[in-house]
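Here is what each chain is made of, one letter per residue.
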Amino acid sequence: MAGDALRIALFSDSTLPILNGVAVSIDALVREMRNAGHSVHVYTAAFPGYRDPDPNTFRFPAFETPWSKGYPVATPPYYGMLHRFRKHAYDLIHTHTPGPIGLVGLRWAQSHEIPIVSTYHTLYDRYAHYIPLFPRRYVRHKIAKHTNFYYNRVDHVITPSAAALRWLRRHSVRTPASVIPTGAPPRAMHDRAETRSKLGIPAQQRMLLYVGRLAREKNLGLLFDMASLAFDQDPSLRLWLVGDGPYRGEATTMARRAGVGDRVHFVGEVARNEVDPYYAAADLFVFSSITETQGLVVQEAGTYGLPAVVVGGGGASAGVVDGQNGFVVRNEPREMAERVLEIFADEPLHARLSEGAVRLARQYGSEAMAEKVVAVYHRAMEARSRERVRENDIVLA
């Protein structure tokens, strides 16, 4: 393995302790890459009050803006970090953002003639409402232009779903690309009965679980409307939401207006290594967002045998095979409620979906993901080597 070991510089605006799909995906990739013998250095933004347990994580000075609470933005100058970067002979740069730190990674890859791969994690134009100073249409146009600029200048693009790749192709990104779903880490060992007891969940209650940020683009209103319909038919149901975000106040109000405020539990922000007990305690995973490029939380839920009912149209639904590990439904609360009730009314169906969830989650584990990413690294490096040979031939001619 030593002869095949790579030295990778990984650039991202979002890493732990930020808790979102990008940060969790990066954490899993770095862990598996190092387990396989590769050297990975992470370049990211400083986070207030956080000290890295990992000595190979380097943080740019950063600050929070009024519209980026919880997401510090790296600020120039970057000369000090550049000197540190130059001390390492990297084989490849892997960026996970087209934002400020991703642009630094692109610039340093160009200036040092290092191959660069970039993962397109997010449908960024769906988040235009977080930039309130300009008309939304103008912001979305600028995001699309920047996306085209950035991803056409890297050697290879990775997307976590076919939906994300289609979006890039529609915006004239022609760079070679690979679809590699984000792999869920192996499940932790939690005794279900003991975990439910610790969380105060009575044995007769059935727990619907949502894990993710509480944000406008997550389509949370659908969950509460679904819950209102399902709870009327099955009083044992409860909805738990693990995560926090700028929409917490509005989400609480929506739950109250839907008449389910007393049967919805807002857990709040939970550290990454403390989320697993909620998966272990739940009976069914529900997800309403249609702006995702990946279904990481669906895969994580699957490792605990949780069937999923997911709204179609986003990358999250790509992780659900109808009738095998759950169901994909329209963006309509009644259809979602009917599927939830159908699963609970049919114990053999729930058991079959649970077995399918575990089986499919194993196929998309984090170790398999890392192996596929390393294969992309080698393709990008080989393509760059061929390009250099062609350039040398032209000069000699």
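Residues numbered from 1 in each chain as written. Predicted model: local features only at pLDDT ≥ 70, side-chain atom pairs only at ≥ 80, totals over all residues. Heavy atoms only, no water.

Participant: Whenever I open this one, the overall build of the protein chain confuses me. Can you help?
Facilitator: The helix and strand inventory of the protein chain stands at 13 helices and 15 strands. Summarising its shape, the C-alpha atoms of the protein chain cover approximately 75 × 50 × 40 Å along the three principal directions. The buried share among the 397 residues of the protein chain stands at 53%. (Helix = DSSP H or I, 4+ residues; strand = E, 2+ residues; numbered from the N terminus. Buried < 20%, exposed > 50% of the residue type's maximum accessible area, 1.4 Å probe, protein only.)

Participant: Even after reading the chapter, I still don't get the side chain of Asp 54, so can you show me in this structure?
Facilitator: Following the sequence through the fold, Asp 54 ends up in the loop between strand 2 (39–45) and strand 3 (57–60). The exposure class assigned to Asp 54 is buried, which follows from its relative accessible area of 18%. A polar contact of 3.0 Å, which involves the side chain of Asp 54, links it to the side chain of Arg 34. At 2.9 Å, the side chain of Asp 54 forms a polar contact with the side chain of Thr 57. (Polar contact = N/O pair within 3.5 Å; in protein donor to acceptor, adjacent residues only side chain to side chain.)

Participant: What am I meant to see in the nonpolar core here?
Facilitator: The nonpolar side chains of a soluble globular protein tend to be buried with one another. Formed by 58 residues in total, the largest nonpolar core has its most connected members in Leu 208, Leu 209, Phe 224, Leu 239, Tyr 279, Phe 285 and Val 286. For this core, the leading source of residues is helix 7 (residues 220–233), giving eight residues. Setting aside chain neighbours within four positions, we find Tyr 279 in contact with Leu 209, Val 211, Phe 285, Val 297, Glu 300, Ala 301, Tyr 304 and Leu 306. Counting residues in each nonpolar core, the second largest holds 30 residues, with Phe 60, Leu 82, Ile 116 and Ala 164 among its members. (Core = buried A, V, L, I, M, F, W, Y, C linked by side-chain atoms within 4.5 Å. Contact = heavy atoms within 4.5 Å.)

Participant: Just to check I follow, could you spell out the pattern of salt bridges for this structure?
Facilitator: It is possible for side chains of opposite charge to pair when their charged atoms get near one another. Applying the stated criterion to the full structure yields 15 salt bridges. Notably, a salt bridge pairs Arg 206 with Asp 234, separated by 3.0 Å at the nearest N-O pair. Taken together, the positions of Arg 206 in strand 10 (residues 206–211) and Asp 234 in the loop between helix 7 and strand 11 (237–242) put the pair 28 residues apart, joining distant regions of the chain. On the basis of relative accessibility, which here comes to 27%, the residue Arg 206 falls in the partly exposed class. For Asp 234, a relative accessible area of 12% translates into the label buried. (Salt bridge = Lys/Arg side-chain N within 4 Å of Asp/Glu carboxyl O.)

Participant: Just to check I follow, could you spell out the sheet that holds strand 9 (residues 177–179) for this structure?
Facilitator: Strand pairs in the sheet, formed through backbone hydrogen bonds, run parallel or antiparallel to each other. Within the open sheet, the seven strands sit side by side as 3-2-1-6-7-8-9. Their pairing is parallel. Every other strand in the sheet has two partners, leaving strand 3 and strand 9 as the edge strands with one partner each. Recorded for the sheet is a direction-independent mean angle of 20 degrees between the axes of neighbouring strands. (Pairing = 2+ DSSP bridges. Axes fitted to C-alpha atoms, helices over the stretch in contact; angles between N-to-C directions.)

Participant: Please clarify how the packing of aromatic side chains should be interpreted in this entry.
Facilitator: We describe a pair of aromatic rings using the distance from one ring centre to the other and the angle between the two ring planes. The full count for this structure, using the stated rule, is 19 aromatic pairs. Centroid distance Phe 11 to Trp 108: 5.9 Å. Interplanar angle 80 degrees. Geometry classified as edge-to-face. Here the residue Phe 11 occupies a position in strand 1 (residues 7–11), and Trp 108 occupies one in helix 3 (residues 100–111), the gap between them amounting to 97 residues. For the pair shown, Phe 11 and Trp 108 are each scored as buried. (Phe/Tyr/Trp six-rings, centres within 6.5 Å; stacked < 30°, edge-to-face > 60°.)

Participant: I tried to follow a nonpolar patch on the surface on my own but got confused; where do I start?
Facilitator: On the surface, Trp 67, Leu 133, Phe 134 and Tyr 138 cluster together to form a nonpolar patch covering roughly 460 Å² of accessible area. Along the chain, the position of Phe 134 falls in the loop between strand 7 (116–119) and helix 4 (136–151). Accessibility expressed as a relative area gives 46% for Phe 134, which makes it partly exposed. (Patch = residues over 30% accessible without salt bridge, like charges linked within 9 Å, V, L, I, M, F, W, Y side chains within 5 Å. Areas by Shrake-Rupley, 256 points an atom, 1.4 Å probe, with all protein chains shown as cover.)

Participant: Which parts of the structure should I look at to understand the pairing of strand 2?
Facilitator: Along any regular strand the residues' side chains alternate between the sheet's two faces. Within strand 2, six of the seven residues are buried, which leaves it mostly tucked inside the rest of the structure. In terms of strand pairing, strand 1 meets strand 2 through five bridges, oriented parallel. Counted as the bridge partner of Ile 8 is Val 40 from strand 2. Both strand 2 and strand 3 contribute to a ladder of four bridges, which runs parallel.

Participant: Mind showing me how you'd approach the packing of helix 11 (residues 333–345) against helix 12 (residues 347–363) here?
Facilitator: Any two packed helices are characterised by how steeply their axes cross, that is the angle between the axes, and by the distance between the axes. At a minimum axis separation of 5 Å, helix 11 and helix 12 run at an interaxial angle of 100 degrees. By the angle between their axes, helix 11 is roughly perpendicular relative to helix 12. Seen from helix 11, the contacting residues are Glu 342, Ile 343, Phe 344 and Ala 345; seen from helix 12, they are Glu 347, Leu 349, His 350 and Leu 353. (Parallel < 35°, antiparallel > 145°, perpendicular 65-115°, else oblique.)

Participant: Teacher, can you tell me more about the packing of helix 10 (residues 296–303) against helix 12 here?
Facilitator: Interaxial distance between helix 10 and helix 12 falls to 7 Å at its minimum, and their mutual angle equals 120 degrees. If you check the angle between helix 10 and helix 12, you find them oblique. Crossing of helix 10 against helix 12: the hand is left-handed. Residue-level contacts link Gln 299, Gly 302 and Thr 303 of helix 10 to Ala 357, Val 358, Leu 360 and Ala 361 of helix 12. For the contact of helix 10 with helix 12, the class distribution of residues is four nonpolar, three polar and no charged. (Left-handed = near helix turned anticlockwise from the far one by under 90°. Nonpolar A, V, L, I, M, F, W, Y, C, P; charged D, E, K, R; others polar.)

Participant: Sorry, what's going on with the sheet that holds strand 11 here?
Facilitator: Ordered in space as 12-11-10-13-14-15, the six strands form an open sheet in which the pairing is parallel. The open sheet terminates on both sides in strands that have one partner only, identified here as strand 12 (264–268) and strand 15 (326–329). Across the sheet, the axes of successive neighbouring strands diverge by a mean angle of 20 degrees, strand direction being ignored.

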